[in-house]
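Coordinate inspection notes
Spelled out, the chains give:
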Amino acid sequence: MITEIAPAPERTAAEPARPGRRRRAWDEVPRWQIYLPLTVYLLFTLIPFYWILLFALRPAGSTSLVPWPMTFEHFEKVWTERSFGTYFVNSVYVGLATLVLTTVVALAGGYALARFDFRLKRGFMLALLCSQFVPGALLLVPLFQIFAELRMINSLGSVIIAETVFQLPLSMILISGFIRNVPYSLEEAAWVDGCNRLTAFRIVVLPLLRPGLIAVGSFAFVHAWNHFLFALMFLSDQGKQTIPVGLNTLMSADSVDLGALAAGGIIAAVPVVIVFAFIQKWLITGFSAGAVKG
C-alpha cells in the first residue's frame, strides 16, 4: 500500500522565517572588547619575565632595556660561586622523592576512600579537607621536635617527609574522586576471571588512573620544589639546602645582587616550566576528572 505524503504547508507572510541557528550572545561582542583585556593581561604577565631575563642576561652595571651585549656571567656566578649546582641537585632529589611517596600513599588511601565503606568515613574526609586550612608554620615546632628525636635534623629526609605529609590530604581526595569515575564492574569482571583485588587493580584500574596520577605527582613535585619554609628550618648545612633557600642567600641587609638573583630565579623556574609544558594535557584532565564524583 502506497501512502501519499502530503505536501508541506506554505509559509504565510505573517509567519516569521526560522533562523538557521540561534545567534549566541558573545557572537555580537566586538572583537576589541575581547582582545584588549587579553592583551593587557598578557603584558601584565610577560613583562615581569622579561625584566628577570633582562637583569640575568645584561652585563653588571648596565642600564640598557635590551640585553645586549648578552652575557651569562650571572649564571656562571650563581652556579659555581653560590653553589646553585648543589642546590639544584638537592631540590631534584627532594622533589622526586616527594612525588613518589605522595603518589604511592595517596593511591592506596584514595582507593580505600573510593571503594570501601567504614565507620567515620565522612568525618575522616572532613578532617582531610580541614587540614588544608592549617598553615605549615604552626607545625614547625612539633615537627622540629619529632625530627630531633629521630635524629633527622639537617637531613633531606626530614624535608621529604614533611612535604609528603602536607601533600597527602589533597592528593588522596583527588585520587579517590578519580577512582570513583572508574566503573566498579570492571574490577568485578576481573575477579570473575580469577584475579584477586590487587591484580585487578593493577591490570584494570591503574592504567585508567594515569591522568590523575600525573596531576597529583606534578602538583607534589612543584610544591616541594618551590617550598621554602621546611628547608629553611630543618636544614642548616649549606651543602644540603635547596634552591628556594639558595635564592634567599643572594639577598642581604646591605645589598642585593640583582643579576645573580635573576639568574637564580630563572634556574629555579625553568624545570617547572618544562615539566608543565609536557604534562599540561594530562594535568588538566586529571584535575577535572578527580574533582567531581562520577
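Residues numbered from 1 in each chain as written. Predicted model: local features only at pLDDT ≥ 70, side-chain atom pairs only at ≥ 80, totals over all residues. Heavy atoms only, no water.

Moving on: the overall build of the protein. Scanning the protein from terminus to terminus reveals 12 helices and 0 strands. Sequence-ordered secondary structure for the protein, helices as α and strands as β, is α-α-α-α-α-α-α-α-α-α-α-α. Here the analysis covers contacts within the protein between residues at least 6 apart in sequence; of these, 72% occur between residues at least 24 apart. Here the protein has roughly 19000 Å² of accessible surface; of this, 68% comes from carbon and sulfur atoms. (Helix = DSSP H or I, 4+ residues; strand = E, 2+ residues; numbered from the N terminus. Contact = heavy atoms within 4.5 Å. Areas by Shrake-Rupley, 256 points an atom, 1.4 Å probe, with all protein chains shown as cover.)

Take the packing of helix H3 (residues 84–115) against helix H6 (residues 156–180) next. For any two helices packed against each other, the geometry is given by the interaxial angle and the distance between the axes. Direction vectors running N to C along H3 and H6 enclose 40 degrees, while the axes themselves pass 6 Å from each other. Relative to H6, H3 is oriented so that their crossing is right-handed. Considered class by class, the residues forming the contact of H3 with H6 number 17 nonpolar, 9 polar and 3 charged. (Axes fitted to C-alpha atoms, helices over the stretch in contact; angles between N-to-C directions. Left-handed = near helix turned anticlockwise from the far one by under 90°. Nonpolar A, V, L, I, M, F, W, Y, C, P; charged D, E, K, R; others polar.)

What the rule picks out here adds up to 13 aromatic pairs. Each ring, one from Tyr-111 and one from Phe-116, has its centre 6.0 Å from the other, and the planes form 75 degrees; the classification is edge-to-face. Under the relative-accessibility criterion, Tyr-111 is labelled buried at 9%. For Phe-116, a relative accessible area of 35% puts it in the partly exposed group. Geometrically, the ring pair formed by Tyr-111 and Phe-201 is edge-to-face, given 5.0 Å between the ring centres and 70 degrees between the ring planes. Remark: Phe-201 occurs in helix H8 (residues 197–205) and Tyr-111 occurs in helix H3; sequence separation between them is 90 residues. Taken individually, Tyr-111 and Phe-201 each receive the classification buried, so the pair is uniform in this respect. One aromatic cluster is present, built from ring pairs that chain together Phe-144, Phe-147, Phe-166, Phe-230 and Phe-234. (Phe/Tyr/Trp six-rings, centres within 6.5 Å; stacked < 30°, edge-to-face > 60°. Buried < 20%, exposed > 50% of the residue type's maximum accessible area, 1.4 Å probe, protein only.)

Along the chain, Thr-98 turns up in helix H3. Among the residues examined, Thr-98 registers a relative accessible area of 0% and is labelled buried. Residues contacting Thr-98, with those up to four places away along its chain left out, are Ile-160, Glu-163, Thr-164, Ala-220 and Ala-224.

Moving on, we come to the confidence of the model for the protein. This prediction gives the protein a mean pLDDT of 81; 86% of its residues lie at or above 70. Across the protein, H3 holds the top mean pLDDT of 91, while helix H12 (residues 258–290) sits lowest at 76. Counting interchain partners and residues more than four positions distant, the pLDDT-below-50 stretch residues 290–294 has 9 contacts. (pLDDT = per-residue confidence, 0-100.)

What follows deals with the pattern of salt bridges. Pairs can form between side chains of opposite charge whenever their charged atoms are close. Applying the stated criterion across every chain yields a total of 2 salt bridges. Here Arg-115 ties to Glu-187 by a salt bridge, and the two come within 2.6 Å at their closest N and O atoms. Separated by 72 residues along the polypeptide, Arg-115 in helix H3 and Glu-187 in helix H7 (residues 184–192) bring together distant segments of the chain. A relative accessible area of 15% places Arg-115 in the buried class. With a shortest N-O distance of 3.5 Å, Lys-121 and Asp-117 are connected by a salt bridge. What makes Lys-121 buried here is its relative accessible area of 16%. When its relative accessible area of 76% is taken as the criterion, Asp-117 is described as exposed. (Salt bridge = Lys/Arg side-chain N within 4 Å of Asp/Glu carboxyl O.)

Within helix H2 (residues 73–81) the residues assigned to the buried category are His-74, Phe-75 and Val-78. Projected down its long axis, H2 shows its buried positions confined to an angular sector of 100 degrees, all on one face. Within H2, the exposed residues directed more than 90 degrees away from the buried face are Glu-76, Thr-80 and Glu-81. A positive backbone phi angle near 60 degrees is found at Ser-83, which sits one or two residues after H2. (Arc of directions from axis to C-beta.)

On to the side chain of His-74, then. With respect to the helices, strands and loops of the structure, His-74 is situated in helix H2. Not counting residues up to four positions away in its chain, the partners in contact with His-74 are Phe-55, Ala-56, Arg-58, Pro-59, Ala-60, Gly-259, Ala-260 and Ala-263.

Attention now moves to the environment of Val-275. Tracing the chain through its elements places Val-275 in helix H12. Residue classification places Val-275 among the partly exposed positions, given a relative accessible area of 27%. Here the alpha-carbon distance between Val-275 and Phe-221, two residues 54 residues apart in the chain, equals 9.7 Å.

Turning our eyes to something else, we now look at the packing of H3 against helix H9 (residues 210–226). Following both chains from N to C, one finds H3 and H9 inclined at 145 degrees, their axes separated by 8 Å at the closest point. Where H3 crosses over H9, the two elements pack in a sense that is right-handed. Taking contact as the criterion, the partners of Phe-88, Ser-91, Val-92, Val-94, Gly-95, Leu-96, Thr-98, Leu-99, Thr-102, Thr-103 and Leu-107 in H3 are, on H9, Leu-213, Val-216, Gly-217, Ala-220, Phe-221, Ala-224 and Trp-225. Grouping the constituent residues of the contact of H3 with H9 by class yields 12 nonpolar, 6 polar and no charged.

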